[in-house]
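A structural walkthrough
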Amino acid sequence: MSSNKIDFSIPSLGEAKISSPIMMSTTHDDGQADYVTDDDHILYSIDTDIDEKGHPVPRHEETLEVAGPRAKIYFNPAHVHAAICTCGGICPGLNNVIRAVVRCFWYRYGVRRISGVQYGYQGLLENSPWPLIPLDPDVVDDIQEKGGTILGSARGGGKQVEEIVDSLERMNINILVTVGGDGTLRGAFDISEEVKKRGLKISVIGIPKTIDNDLSFIQSSFGVDTAVQMAVPVVRCAHIEAKNSIHGIGLVKVMGRESGFIAANTSLAQSDVNFCLIPENPFDLDGPEGLLARLKQRILERSHAVVLISEGAGQDLVPSTGETDASGNVKYQDIGIFLKDRINAYFKQEGIDTNVKYIDPSYIIRSAPADSFDSIYCARLGAHAVHAAMSGKTQALIAQVNNRFVHLPIKVAVSTRNHVDLEGSLWRDVLENTRQPFMMKNKD
């Protein structure tokens, strides 16, 4: 077993004493859905070893608390003022999450005061020009059919923790559901720490939204499946353009600042990709083992090629911008345009006519409505967030691990980034599909 144990315990605002208005069963095998208890846990890792007697032994003994409605809740529904905010860039599924949260609060618990915070944490700042939006089932009736978020989304504001908690107190908000990625969740944790410091009874629950799928421990973020679905026809078009041109090269850039999951999965879904470039796998441009030489070899052999690159790949090849966005993320150079220019210059120097077709579908992908997979996922994430909040959980992230919905401590989720494992099965399968070298780096 691993000696470095992870603390997956979930903080609570206090003892849950109020009977839940959701009528469920406390016994098994009676044909009715069962409540979940705080004793219901699953192993966080299904990896096992075989001991000297040939018996399977879990490699990690830590467990995760199972998500779901409890028989006893902490908050009296009549006294609840719940708020939800969507932070960071937009992503497929945001409206689905909002709808699920509102409907669960309203129909399952009878909560009648639900507010939407406009433009992320900025809507909770003292001088915010954007008022809260009252939410009910009629307001969210068909929003799942649209891309984006009816609340608007923005970066920044999450570091003004004291000001945000002042606003929560002033507006009598006692449940805050935050939907966002790494920066949003760090802000949520800091907000909940300030809440605890003041002795307030405010539940802060996170729902993971990162289209790059770079949050640790969780199986997947919502929107990733839709992003791949949207990227596939773009790659198909790039392949057709390349194949119908003299020495055609289709170059497509997709999202992925530090993690290349979208590019990797798109390469598997559409097997026309010849070079999949991700942040986890650095490459050289020049030299005999570099990308340009490999691309030339492909063009001479097959007359066309498709290159798929994550936005964060190859950033070591371009000058740093020296700038950060409102979330504190380093602003990247556009690696797609840079690579397009370098490919054109290289083949011109080599005396080979090429036709480079560059496509950047990032904003088309981000603004798309969720596909059926993500719609289902978002509906369940939203409902579980409400169940967790009403039972008094806080500083918790709703996640799916080993196909079970669980409570994951926000602090743990943001402790490290999730990356494509270059020695794992996903990347192995990508290399088998693209048939690119496992490394495009020149020997020193």
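Residues numbered from 1 in each chain as written. Predicted model: local features only at pLDDT ≥ 70, side-chain atom pairs only at ≥ 80, totals over all residues. Heavy atoms only, no water.

As named in an unreviewed UniProt entry, the protein chain is ATP-dependent 6-phosphofructokinase, taken from Sphaerochaeta pleomorpha. Regarding the protein chain, the UniProt comment filed under Subcellular location (unreviewed entry) reads as follows: "Cytoplasm". Under the Pathway (unreviewed entry) heading, UniProt states for the protein chain: "Carbohydrate degradation; glycolysis; D-glyceraldehyde 3-phosphate and glycerone phosphate from D-glucose: step 3/4." (UniProt positions renumbered as here; feature names shortened; annotations may be inferred.)

Focus: unusual backbone geometry
Positioned with a positive phi, Asn 172 is a non-glycine residue whose angle comes to about 55°. Within the secondary structure, Asn 172 is located in the loop between α2 (161–170) and β10 (175–180). Take Asn 172: its relative accessible area is 53%, and that puts it in the exposed class. Located in the positive-phi region is Asn 403, a residue other than glycine, with phi close to 65°. Along the chain, the position of Asn 403 falls in the loop between β16 (396–401) and β17 (404–409). Classification of Asn 403 by relative accessible area gives exposed; the value is 57%. (Helix = DSSP H or I, 4+ residues; strand = E, 2+ residues; numbered from the N terminus. Buried < 20%, exposed > 50% of the residue type's maximum accessible area, 1.4 Å probe, protein only.)

Quick notes on the sheet that holds strand β13 (residues 275–277)
A sheet is described by the order of its strands in space; here four strands give the open sequence β13-β14-β12-β15, paired in parallel fashion. The sheet terminates laterally at β13 and β15 (355–359), the two strands that pair on one side only. Across this sheet, the average inter-strand angle for adjacent strands is 15°, counted without regard to direction. Relative to strand β14 (residues 304–310), β13 runs parallel, the two being bridged by three bridges. Note on β14: the bridge partner recorded for Cys 276 is Leu 308. Each of β12 (248–254), β13 and β14 is contacted by helix α5 (residues 261–269), which is oriented at about 150° to β14, the strand it contacts most. Along the sheet, helix α6 (residues 291–302) makes contact with β12, β13 and β14, crossing β14 at roughly 150°. (Pairing = 2+ DSSP bridges. Axes fitted to C-alpha atoms, helices over the stretch in contact; angles between N-to-C directions. Contact = heavy atoms within 4.5 Å.)

Some points on the environment of Asp 325
Residue placement: Asp 325 occurs in the loop between β14 and α7 (335–349). The sequence separation of Asp 325 and Glu 311 amounts to 14 residues, and the corresponding C-alpha distance is 15 Å. Contact partners of Asp 325, with chain neighbours within four places excluded, come to Arg 155 and Lys 331.

Topic: empty space enclosed by the protein
Over the atoms rolls a probe the size of a water molecule, and its path tells where empty space is left. Counted under the stated rule, the structure contains one cavity of 30 Å³ or more. Empty space within the largest cavity amounts to approximately 40 Å³. Lining of the largest cavity is provided by Cys 276, Leu 277, Ile 278, Asn 281, Pro 282, Phe 283, Gln 436, Pro 437, Phe 438, Met 439 and Met 440. In terms of residue class, the lining of the largest cavity is made up of nine nonpolar, two polar and no charged. (1 Å grid on protein atoms, 1.4 Å probe; cavity = no way out; pocket = protein on both sides within 12 Å on 5 of 7 lines; lining within 4 Å. Points joined across faces, edges and corners; volume = space filled by probe spheres on them. Nonpolar A, V, L, I, M, F, W, Y, C, P; charged D, E, K, R; others polar.)

Notes on the pattern of salt bridges
A complete count under the given rule lists 21 salt bridges for this structure. Glu 350 is the partner of Lys 296 in a salt bridge, and the nearest nitrogen-oxygen pair spans 2.7 Å. Highlighted residues: Lys 296 in helix α6 and Glu 350 in the loop between α7 and β15, separated in sequence by 54 residues. Accessibility expressed as a relative area gives 23% for Lys 296, which makes it partly exposed. Accessibility expressed as a relative area gives 33% for Glu 350, which makes it partly exposed. A network of salt bridges, in which partner residues are shared, links Asp 182, Arg 186, Asp 214, Glu 258 and Arg 417. (Salt bridge = Lys/Arg side-chain N within 4 Å of Asp/Glu carboxyl O.)

A word on the packing of aromatic side chains
The tally for this structure, following the rule as stated, stands at eight aromatic pairs. An angle of 50° between the planes, with centres 5.1 Å apart, marks the rings of Phe 8 and Tyr 44 as tilted. Remark: Tyr 44 occurs in the loop between β2 (41–43) and β3 (48–50) and Phe 8 occurs in the segment before β1 (18–19); sequence separation between them is 36 residues. One exposure class covers both Phe 8 and Tyr 44, and it is buried. (Phe/Tyr/Trp six-rings, centres within 6.5 Å; stacked < 30°, edge-to-face > 60°.)

Observations concerning α6
Given a rise of 1.5 Å per residue, twelve residues ought to cover 16 Å, and the 16 Å separating the end C-alpha atoms of α6 matches this to within 8%. Looking only at α6, the buried set comprises Leu 291, Leu 292, Leu 295, Arg 298 and Ile 299. Buried residues of α6 fall within an arc of 120° about the axis and therefore sit on the same side. Among the exposed residues of α6, those pointing more than 90 degrees away from its buried face are Leu 300 and Glu 301. Elements in contact with the buried residues of α6: β12, β13, β14 and α7. Ser 303, located one to two residues past α6, shows a positive phi value of around 75°. (Expected span 1.5 Å × (residues − 1). Arc of directions from axis to C-beta.)

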